[in-house]
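Remarks on the overall topology
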Amino acid sequence: MTTPFNLKWGILATGRISHIFTKDILMPPSTRQVTDVSHTFVAVASSSSIDKAHQFIKDFEADLKVAQYQTTGAVRPYGSYADLLADKDVEVVYVGSPHSDHYKTCLAALRAGKHILCEKAFTLNAAQTEHLCALAKEKKLFLMEAQWTRFFPSILDLQTQLNSPQMPFGRIYRTFADFSIQAPASAAHRLYDPKQGGGALLDLGVYPILWCFILFYRNPENTLTPPSVTASVVNSPLTGVDEQDTVVLKWDKLGFQSTCCTSLVGRTEEWALILYGEKGNVYIPHPLSRPSSYTVHMHGEAHVKHQIHIPGQGMHWEADAVARSISKGELENPIMPHQESIEIMKVMDKVRKIGNVSYGELEDLEK
């Protein structure tokens, strides 16, 4: 039996999303029928307190005892990102900090010679994303946006069906996608704070837009053509960030449009995505980030529900993809390549411009 390629991870930031990701990579690969790659949790860093890093490790004591590939000894805690980036055992970093911090943290990681998996939204604007992608290629380092939803096997299968010559649902006429929550209306909350890249779009609205790219950007007839963008934005009276967004993506080569909605003031209920086809419709429930099923309704027939089996939370599939790419010497992954991240950021740039939402000097490029 071939020994799986083992990838050694450093975790940058100790918040909720980093906890979810770390727990997933510590799961035995066999729980998802994976035999070619594995993961080791080497180190974790908090940007503000080594105590938070110690507590993070303590939170995973039980997981570490049963993890199959913890071969480098005790996990090391660090009180700064710079200290972790200097750790020679760390091969790749997972950036789980707020997206207002992603650009500078990824720059530091690339300059330290580390491969990167960075949470969505990749950066605050397309120019920052382009800069990171160019630098990663220059330094021959792997870089990917952590759009974890893309890597669910069931979703990849649905993408294949939609883009197949057989067109099982017939020609698609239109789609509707929504990811909205009821957030605390407080100027101090991160979703309302411009200094943390607040607003509905970058945190939540990226998912409806991502789904439209999953389903249509790769369609052979679209030939990787970005959609044209129109939008309506409601700004928060508290801080001016976008509180509600309705984005219309027009796929000119495919002859239809997608409506993408997001909001901080009203939760999505039941169907988060509806795809209307000539022969049938597809319905995907909330939340779009981690749907547990999808339902197909071919016209004149009964609804058929397809369950999506997800061991853990489902972040391990993107980690497996990172490991496979790095093992092959790839600088980007074909499922979530650089250009697609850039195009999604460009869509969100246009929406924010329409809504007059700016993050000031946080959007600047480093020289």
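Preceding this paragraph is the structure being described.
The notes below deal with the structure included here. None of the values given here were measured: they were computed from a predicted structure.

Another aspect to go through is the pattern of salt bridges. The full count for this structure, using the stated rule, is 15 salt bridges. A salt bridge links Asp89 to Arg76; its shortest N-O distance comes to 2.8 Å. Remark: Arg76 occurs in strand S3 (residues 76–78) and Asp89 occurs in the loop between helix H4 (81–85) and strand S4 (92–95); sequence separation between them is 13 residues. We note a salt bridge from Arg190 to Asp203, for which the minimum N-O separation is 2.8 Å. One end of the pair, Arg190, is in the loop between strand S7 (172–180) and helix H8 (200–217); the other, Asp203, is in helix H8, with 13 residues separating them in the sequence. Put simply, Arg76, Asp87 and Asp89 are held in one network by salt bridges that share partners.

Turning our eyes to something else, we now look at the sheet that holds strand S9 (residues 242–251). The strand order S8-S9-S10-S7-S11-S12-S13-S14 describes an open sheet built from eight strands, whose pairing is mixed. Strands at the two margins of the open sheet, each flanked by one partner only, are strand S8 (228–235) and strand S14 (304–307). Within this sheet the neighbouring strands show an average axis-to-axis angle of 15°, counted without direction. As defined by bridge partners, strand S12 (residues 280–285) adjoins strand S13 (residues 293–298) across four bridges and the pair is classed as antiparallel. Along S13, the bridge assignment pairs Gly280 with Met298. Lying on the sheet, helix H7 (residues 153–162) is in contact with S7, strand S11 (271–277), S12 and S13; it crosses S13 at an angle near 25°.

Turning our attention to unusual backbone geometry. Of note, the bond from Lys120 into Ala121 is cis; its omega dihedral lies within 30 degrees of zero at -20°. By the element assignment, Ala121 lies in the loop between strand S5 (115–119) and helix H6 (126–138). Between His286 and Pro287 the backbone carries a cis peptide bond, its omega angle lying at 0°. In this structure, Pro287 sits in the loop between S12 and S13. Here the phi dihedral of Ala13 falls at roughly 105°; this positive angle occurs in a residue that is not glycine. As for its placement among the helices and strands, Ala13 is situated in the loop between strand S1 (5–12) and helix H1 (16–25). Relative accessible area serves as the criterion here: at 8%, Ala13 is assigned to the buried category. Positive phi, close to 60°, is recorded for Glu270, a residue that is not glycine. Of note, Glu270 is situated in the loop between strand S10 (256–263) and S11. A relative accessible area of 56% means that Glu270 is categorised as exposed.

Basis of the calculations
- Residues numbered from 1 in each chain as written.
- Predicted model: local features only at pLDDT ≥ 70, side-chain atom pairs only at ≥ 80, totals over all residues.
- Heavy atoms only, no water.
- Salt bridge = Lys/Arg side-chain N within 4 Å of Asp/Glu carboxyl O.
- Helix = DSSP H or I, 4+ residues; strand = E, 2+ residues; numbered from the N terminus.
- Pairing = 2+ DSSP bridges.
- Axes fitted to C-alpha atoms, helices over the stretch in contact; angles between N-to-C directions.
- Contact = heavy atoms within 4.5 Å.
- Buried < 20%, exposed > 50% of the residue type's maximum accessible area, 1.4 Å probe, protein only.

Any link to function would need more than the numbers given here.
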